[in-house]
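# Survey of secondary and tertiary structure
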Amino acid sequence: MQCHYRLQEEKTMITELNHVGIVAGAVEENLNFYVDILGGKVVNEGYIEASNTKCIYVQLASGIIELLCRGNEKDRVNLGLNHVCFLTDDLDGDYEKLLAAGFVFTSPPKVAGSGDGRLTFLTDSIGTRVELIQRDQSYKNPKVEGRILSFDHISLSAHDLQAAESFYTEKMGMKELKRMRVDATDLTMVYLNYGEDVIELLNRPNQQPVSPPIGHIALRVDNVDEMGEYLASRGVEILQGFPKQAGTGIGRITMVKDPNGARIEFVDRKDLREL
Ligand SMILES: [Fe+2]
Ligand SMILES: [Fe+2]
């Protein structure tokens, strides 16, 4: 009885992997990339007065990207993939539990800069910035149909795979969806999901230099080569070495950078659930 009670106490009240946050530059070039070119839909907007930041939530298929567009030129530093955000039903309780488990937070829970909900940020077991937020709305709409068939995954650099798996399954309540291995490059990929939303834990023990905590986001399309041609026709540069066969041998991948330097991967294999 005692043991059962303690397990209940330690479990967080996460209900959803809500978004991936990008620190962004100008609003217009971001809307051009994410809405006009990729076909995303703006599902919510907010404003953080203290830092003159416009928050734009763009949904692509079933996933949300939060664009934190810095209004002041001088604040346009460290742009790119910044954090992953989980929704919780009990922010204060989760904060206490994770604090007791030794995780480091930027501050105790506080009202969001935009005024919508309360939030806090912590560092996970592999150095990723994780936001926990409690608010009445999720901002998620029904799936946005278009060139992007699904929001395939958010990729984290998991130099310590075991620590990463234990954080995202035991603390964040995600489930293992798929595990893949590329022996030739000593690469292990573990896919964890929360409903439609997937995190890829990428483990490359011998990688030098080490990738940033959030390496890329991956969007699934029908045909990577056609997508590449389309992107090029819209003035988006394909990164050197792409398109190419995926390391797993399953499908092809191509890679671009968004206007903030965030790496966006396109894949044309089946949905992870069907592989
Ligand atoms: Fe966020
Ligand atoms: Fe990936």
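Thresholds, definitions, all that
Residues numbered from 1 in each chain as written. Chains lettered and ligands numbered in written order. Predicted model: local features only at pLDDT ≥ 70, side-chain atom pairs only at ≥ 80, totals over all residues. Heavy atoms only, no water. Helix = DSSP H or I, 4+ residues; strand = E, 2+ residues; numbered from the N terminus. Buried < 20%, exposed > 50% of the residue type's maximum accessible area, 1.4 Å probe, protein only. Donors = N, O, S within 2.8 Å, 3.2 Å for Na, K, Ca; no water. Tetrahedral: all angles 85-135°; square planar, octahedral: opposite > 155°, others 65-115°. 1 Å grid on protein atoms, 1.4 Å probe; cavity = no way out; pocket = protein on both sides within 12 Å on 5 of 7 lines; lining within 4 Å. Points joined across faces, edges and corners; volume = space filled by probe spheres on them. Nonpolar A, V, L, I, M, F, W, Y, C, P; charged D, E, K, R; others polar. Domains from an automatic or database assignment. UniProt positions renumbered as here; feature names shortened; annotations may be inferred. Core = buried A, V, L, I, M, F, W, Y, C linked by side-chain atoms within 4.5 Å. Contact = heavy atoms within 4.5 Å. Buried area = accessible area lost by both parts, 1.4 Å probe. Salt bridge = Lys/Arg side-chain N within 4 Å of Asp/Glu carboxyl O.

### Remarks on unusual backbone geometry
Following F242, the chain continues into P243 via a peptide bond in cis, with omega recorded as 0°. Here P243 shows up in the loop between helix 5 (224-233) and strand 15 (244-245). A positive phi angle, close to 80°, is found at Y139, a residue other than glycine. Residue position: Y139 is located in the loop between strand 9 (129-134) and strand 10 (150-157). Residue class for Y139 comes out buried when judged on its relative accessible area of 6%.

### Details of the coordination of the iron ion (ligand 1)
Listed as protein donors to the iron ion (ligand 1) are H19 (NE2), E66 (OE), H83 (NE2) and E131 (OE); their distances from the metal cover 2.0 to 2.2 Å. Around the iron ion (ligand 1) sit four donor atoms, and with donor-metal-donor angles ranging over 86 to 168° the site reads as irregular. Sequence spacing of the donors to the iron ion (ligand 1): H-x46-E-x16-H-x47-E. Highlighted residues: E66 in strand 4 (residues 63-70) and H83 in strand 5 (residues 80-88), separated in sequence by 17 residues. Residue class for E66 comes out buried when judged on its relative accessible area of 5%.

### Overview of empty space enclosed by the protein
Tallying each qualifying case throughout the model produces two cavities of 30 Å³ or more. Put simply, the largest cavity is a space of about 50 Å³. Every residue lining the largest cavity is listed: L17, N18, H19, G63, I64, K140, F151, I154, D197 and V198. Among the secondary structure elements, those contributing two or more residues to the lining of the largest cavity are strand 1 (14-24), strand 4, strand 10 and strand 13 (197-203). Looking at the lining of the largest cavity, its residues break down into five nonpolar, three polar and two charged. The residue makeup of the lining of the largest cavity includes at least three contributed by each of domain 1 (2-134) and domain 2 (150-274). In this structure, the second largest cavity is lined by L38, G39, L60, A61, V144, E145, G146, R147 and I148. For the lining of the second largest cavity, the per-class residue count stands at five nonpolar, two polar and two charged.

### Description of the UniProt feature "domain: VOC" (unreviewed entry) in the chain
UniProt records the feature "domain: VOC" (unreviewed entry) for residues 16-135 and 150-269 in the present numbering. The span residues 16-135 is 18% helical and 48% strand by assignment, and the distance between its end C-alpha atoms comes to 12 Å. The annotated region residues 150-269 carries 18% helix and 42% strand content, and the separation between its end C-alpha atoms amounts to 11 Å.

### Comments concerning the nonpolar core
By size, the foremost hydrophobic cluster in this structure holds 56 residues, and its most contacted members are F86, Y168, L201 and F266. Ranked by residue count, the leading element in this core is strand 1, at five residues. Inspection of this core shows a minimum of three residues originating in each of domain 1 (2-134) and domain 2 (150-274). Apart from residues no more than four positions distant in its own chain, L201 is found in contact with I126, L156, A158, L161, A164, E165, Y168, T188, M189, V190 and L192. M180, V182, Y191 and V198 belong to the second-largest nonpolar core, a separate cluster that totals eight residues.

### Section: the domain arrangement of the chain
Per the domain assignment, the segments of the chain are domain 1 (2-134) and domain 2 (150-274). One C-alpha centre belongs to domain 1, the other to domain 2; they are set 20 Å apart. Contacts between the two partners involve 43 residues from domain 1, matched on the other side by 41 residues from domain 2. Summed over both sides, the interface of domain 1 with domain 2 buries roughly 3,100 Å², with 72% coming from carbon and sulfur. For domain 1, the biggest contributors to the area lost against domain 2 are L17, L81 and I126; these three give 22% of the whole. At the junction of domain 1 and domain 2, the tally comes to zero salt bridges.

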